[in-house]
Amino acid sequence: MRLGNSTTCYGPVAILFHWLTALGVIGLFGLGLWMVELTYYDNWYNEAPAIHRSVGILLFALVALRLLWRLINPHPEPLGQPLEKRLAIGMHWLLYLFLFAVLISGYFISSAKGRPVGVFDWFSVPATLHDLPNQEDIAGVIHLWLAWGLIILSSGHTLAALKHHLIDRDASLRRILRFTNDK
Amino acid sequence: MSRTRITSFLIGLLLLASGPLMAAEYKLDTEGQHAFIQFRIQHLGYSWLYGRFNDFDGSFTYDADNPDKSEVEITIDMASIDSNHAERDKHLREEDFFHVKKYPEARFVSTSFEEHDDDTATLKGDLTIKDVTRNVTIDVEHVGHGEDPWGGYRRGFQGTTTIKLKDFNIDYDLGPASTHAEVTLAIEGVRQ
């Protein structure tokens, strides 16, 4: 079985990366908005942020691997009008940019005082940049707005895929939904 | 220099020399970091959590002949709260607690100072947090005073008071054991 992409289709690895990222982003966004409203005596008060941090670090690793995979693989050509193709390429890179930025800004909140960020009970990531003035507050504001930005971009990305599927009736959506060995 | 100028210069010197006889003004030694605003609050009733405010400034006056005339004034930068935990400090600065964006400063201005025989005193003053002003009573220990090794004159006090968080519009529920916080001011002033 072919694992990589061709110039027309996504391989199973890219498809898995895509949907794991989507699941991670939506899950972390919902969890993040929910956990900051929890009260002190809520059962999830400590656990929800711990899961948010852990999944965030894992998602960072996943997106980094995904980017690497993309760079060493052929990439399916975008479909549609020339302008749409340029927009699609721009959107994909913008999504990568926001993904990295939102994940890194989250890490800068938790590690702002030099504390490592734990990933479940498995391992922890040491702090790098820390003790900058008001680091946790500034990183917090940036994290929230970037998260909203990422969700808005992802919604645009989804609507564009639906437009390709329903209006243009091309393979854009189909080729990320299932792996086909044929061209 | 004219004669009048010399005379006024000499009068000035005389006034400076007589300084100790008047109420002396002391500036908090924040530069050398010999002043601290610490707090502690119970965690669930099982332990004490300690924190501090890193940035504040102020001054006090003290007249050994008339100590009850002493005055203290301290302004605290609330964003400088530090409990050695980034996420907690971030939370403490938000609306649930000190809302430092809206209320960046807290202030303490003394209203009375009553010295007792055993180097202790009772300090009363208006404490303003989140724009709520309440009169608080601080039990003060006059720790010591005298010349420092670098040509200055220093005097230090330490005082503790307990404040009810709800009194200052902080009503986030931390549990029944954590409704009050103990605040300790440990200040050393350099005579100006």
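Please read all numbers here as calculations on a predicted model, not as lab measurements.

Undergrad: I tried to follow the overall build of chain A on my own but got confused; where do I start?
TA: Along chain A, the regular secondary structure elements total five helices and two strands. Secondary structure elements of chain A occur, N-terminal to C-terminal, as α-α-α-β-β-α-α. If one aligns the C-alpha atoms of chain A with their principal axes, the spans along those axes are about 55 × 30 × 30 Å. Per-residue burial for chain A yields a buried fraction of 40% across its 183 residues. Considering only intrachain contacts with a sequence separation of at least 6, the fraction spanning at least 24 residues in chain A is 68%. Within the structure as shown, chain A displays about 10,900 Å² of accessible surface, and the carbon and sulfur contribution to it stands at 71%. Across chain A, the mean location of the 14 positive side-chain charges is 13 Å away from that of the 12 negative side-chain charges.

Undergrad: What is the right way to read the interface of chain A and chain B from this model?
TA: Interface size is commonly expressed as the accessible surface area that is lost when the partners come together. In this assembly, 15 residues from chain A lie in contact with 17 residues from chain B. Between chain A and chain B, the buried area comes to about 1,300 Å², and carbon and sulfur atoms account for 48% of it. Per-residue buried area on chain A facing chain B is highest for A:Tyr40, A:Tyr41 and A:Lys113; these three make up 44% of the total on that side. Taken together, chain A and chain B are joined by five salt bridges.

Undergrad: How should the nonpolar core be read in this particular structure?
TA: Side chains that are nonpolar tend, in soluble globular proteins, to be buried together. With 49 residues, the main nonpolar core has B:Ile74 and B:Phe98 as its most contacted residues. Other than its neighbours up to four places away in sequence, B:Ile74 contacts B:Leu28, B:Ile37, B:Phe56, B:Asp57, B:Gly58, B:Ala106, B:Arg107, B:Phe108, B:Leu185 and B:Ile187. Core analysis: the second largest hydrophobic core is formed by 21 residues, A:Val63, A:Leu95, A:Phe98 and A:Leu153 among them.

Undergrad: Mind showing me how you'd approach the UniProt feature "domain: Cytochrome b561 bacterial/Ni-hydrogenase" (unreviewed entry) in chain A here?
TA: Feature annotation in UniProt assigns "domain: Cytochrome b561 bacterial/Ni-hydrogenase" (unreviewed entry) to the following positions: residues 10-177 of chain A. Measuring from the first to the last C-alpha atom of residues 10-177 of chain A gives 9 Å, for a span that is 69% helix and 4% strand.

Undergrad: Help me understand the UniProt feature "transmembrane region" (unreviewed entry) in chain A in this model?
TA: Residues and elements named next belong to chain A. If you check UniProt for "transmembrane region" (unreviewed entry), the listed places come out as residues 12-35, 55-72, 93-110 and 142-162 in our numbering. Counted over residues 55-72, helix gives 94% and strand 0%. Its end C-alpha atoms are 26 Å apart. Across residues 142-162, the secondary structure splits into 100% helix and 0% strand, with the terminal C-alpha atoms separated by 30 Å.

Calculation criteria
- Just so you know, the residues in each chain are numbered from 1, in the order the chain's sequence is written.
- Labels are handed out in written order, letters beginning with A for the chains and numbers beginning with 1 for the ligands.
- Side-chain atom pairs in this predicted model are given and counted only at pLDDT of 80 or more, local residue features only at pLDDT of at least 70, and totals for whole chains, interfaces and linings cover all residues.
- Where side-chain values are given, they derive from all heavy atoms of the structure, hydrogens and water being excluded.
- Segments assigned H or I by DSSP are reported as helices when at least four residues long, segments assigned E as strands when at least two residues long, and all are numbered from the N terminus.
- Buried residues are those whose accessible area, probed at 1.4 Å on protein chains only, stays under 20% of the maximum for their type, while exposed residues exceed 50% and partly exposed ones sit between those limits.
- Note on contacts: a residue pair is in contact if any heavy atoms of the two residues lie within 4.5 Å.
- Computed with the Shrake-Rupley method and a 1.4 Å probe, the accessible areas treat only the protein chains shown as cover for residues.
- When charges are counted, neither His nor the chain ends are considered; positive counts come from Lys and Arg and negative counts from Asp and Glu.
- Note on charges: their place is set at NZ of Lys, CZ of Arg, CG of Asp or CD of Glu.
- In this description, buried area is defined as the sum, over both parts, of the accessible area (probe of 1.4 Å) that is lost when the two are combined.
- One side-chain nitrogen of Lys or Arg within 4 Å of one carboxyl oxygen of Asp or Glu is enough to make a salt bridge.
- Throughout this description, the term nonpolar core refers to a set of buried Ala, Val, Leu, Ile, Met, Phe, Trp, Tyr and Cys residues connected via side-chain atoms within 4.5 Å.
- UniProt positions are given in the numbering used here, feature names are shortened, and annotations may be inferred rather than shown by experiment.

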